[in-house]
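The lines below spell out each chain.
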Amino acid sequence: MELRQLEHFVAVAEEQHFTRAAERLAVSQSGLSASVRSLEQELRTPLFSRTTRSVRLTEAGRALLVEAERTLAGARAAKDAVDAVRGLLRGTLSVGVEQCVAGVSLPRLLAAFHREHPHMEIRLRQEGTTSLVDGVAGGRLDIAFAATVSSVEWRGELVPLAREPMVLLCAPGHRLTERDRAGWDELPGEPFIDFHPDWGPRRAADEAFAAARVRRTVALEVNDVHSLLELVREGLGIAVVPHHFTRKPEARGLTTVRLDGPVQPYYESVVVLPEARVMSPGARALMTLVRGQDAR
């Protein structure tokens, strides 16, 4: 079993398509298919269930994917560690981020990192917090900027960035805009607009509603902030969002209402890091910048 075979396997698993995986790796599709078949023959089991329209992991493939990602991450870390000893930072830094994470300017941070380490390739993936945590755990990501991660959910290091209250956003003329506070008992029956369940603000809101023992209906699910704010503006529902969303240009004209009661929801931004012993040199260098003032 060769590292190149594992790279081919992981690419097909992530793309769920042989042609897209071949394009991503800049190899021929026939060569990629032959590499995966050779791996399946060596392991004596199919790794993918193939049809004319889709490629899906088998149970054996799902088991291999976890270990393949760890193996490839370990190989990259080993090479990066040798380069670091030589005074060079080379290779790839894989960064994951959730939308509009607070407490850090990611574009400014990555630009500063690129200036200091121009020989490192930066790969950025925007995902929900659940996927980001899984990515760091599996070695697919070196570091992630996520939201509201508990110490039970993640056993590695969590570095706090920011903590802020979550508030209600309503369109002008909504019944809750008559005052600046609303009780939890006033919310049942309201249609809500929110993110998909693995995004940080949705996770924080779901936990708060569960703690307050209030049921709610999420009528519209989106995966970007701008769509959420536009839907609220059109009066299609209200939203519970981190307070810094209210400062976005798209939120102008919307009414901010604070939640009143024993349950006070908060949105927390954190850096998700692997255990120190397996942290890549690139991740360490990026954290040095995070702890500085320029990125804040």
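Parameters and conventions
Residues numbered from 1 in each chain as written. Predicted model: local features only at pLDDT ≥ 70, side-chain atom pairs only at ≥ 80, totals over all residues. Heavy atoms only, no water. Buried < 20%, exposed > 50% of the residue type's maximum accessible area, 1.4 Å probe, protein only. Helix = DSSP H or I, 4+ residues; strand = E, 2+ residues; numbered from the N terminus. Arc of directions from axis to C-beta. Contact = heavy atoms within 4.5 Å. 1 Å grid on protein atoms, 1.4 Å probe; cavity = no way out; pocket = protein on both sides within 12 Å on 5 of 7 lines; lining within 4 Å. Points joined across faces, edges and corners; volume = space filled by probe spheres on them. Nonpolar A, V, L, I, M, F, W, Y, C, P; charged D, E, K, R; others polar. pLDDT = per-residue confidence, 0-100. Axes fitted to C-alpha atoms, helices over the stretch in contact; angles between N-to-C directions. Parallel < 35°, antiparallel > 145°, perpendicular 65-115°, else oblique. Left-handed = near helix turned anticlockwise from the far one by under 90°. Salt bridge = Lys/Arg side-chain N within 4 Å of Asp/Glu carboxyl O.

Draft legend 1. Representation of helix α5 (residues 106-116) in the model. Considered for burial, the residues of α5 that qualify are L106, L109, L110, A112 and F113. The arc enclosing the buried residues of α5, seen along the axis, measures out at 160°, which places them on a common side. Summarising the geometry of α5, the exposed residues directed more than 90 degrees from the buried face are P107 and R115. Among the structural elements, β3 (91-97), β4 (120-126), β5 (143-147) and α9 (281-290) are those in contact with the buried residues of α5.

Draft legend 2. How the structure looks around empty space enclosed by the protein. Enumeration over the complete set of coordinates arrives at one cavity of 30 Å³ or more. What the largest cavity holds in volume is close to 30 Å³. As for the largest cavity, its lining consists of E98, Q99, F195, W199, P201, V225 and F245. A class-by-class count of the residues in the lining of the largest cavity yields five nonpolar, one polar and one charged.

Draft legend 3. The arrangement of unusual backbone geometry in detail. Of note, the phi angle at A26 is positive, near 60°, even though the residue is not glycine. The residue A26 is located in the loop between α2 (18-25) and α3 (29-43) in this model. One non-glycine residue, R44, lies in positive phi territory at about 60°. By the secondary structure assignment, R44 is in the loop between α3 and β1 (48-50).

Draft legend 4. Representation of the confidence of the model for the chain. Per-residue pLDDT for the chain has a mean of 88; in total, 96% of the residues score no lower than 70. Considering each helix and strand of the chain separately, the mean pLDDT is smallest for helix α4 (residues 59-85), with a value of 82, and largest for strand β8 (residues 191-195), with 95.

Draft legend 5. Expanded view of the side chain of S94. Summarising the element assignment, S94 is placed in strand β3. The exposure class of S94 is buried, given its relative accessible area of 11%.

Draft legend 6. Layout of the layout of surface pockets. Roughly 750 Å³ of internal volume is contained in the largest pocket. As for the largest pocket, its lining consists of 24 residues, and the residues nearest its centre are E7, R24, R76, T92 and R123. Broken down by secondary-structure element, the contributors of at least two residues to the lining of the largest pocket are α1 (3-15), α2, α4, β3 and β4. Here the second largest pocket is characterised by a volume of approximately 380 Å³. If you go around the second largest pocket, you meet 20 residues; those closest to its centre are V136, A137, G139, P274 and V278.

Draft legend 7. Fine view of the packing of α5 against α9. The geometry of α5 relative to α9 is characterised by a closest axis approach of 10 Å and an angle of 120° between their N-to-C directions. As far as their axial angle goes, α9 and α5 are oblique. The way α5 lies across α9 gives a crossing that is right-handed. Packed against α5, whose contacting residues are L109, L110, A112, F113 and E116, the element α9 presents G282, A285, L286, L289 and V290 at the interface.

Draft legend 8. A look at the pattern of salt bridges. Scanning the entire structure with this criterion turns up 17 salt bridges. Between R4 and E7 there is a salt bridge; the shortest N-O distance is 2.8 Å. Here the residue R4 and the residue E7 both occupy positions in helix α1, the gap between them amounting to three residues, near one helical turn. For the salt bridge of D206 with R216, the shortest nitrogen-to-oxygen distance reads 3.0 Å. Taken together, the residues D206 in helix α7 (residues 200-212) and R216 in the loop between α7 and β9 (217-222) connect sequence positions ten residues apart. Through salt bridges with shared partners, a single ionic network connects D194, R202, D206, R216 and E221.

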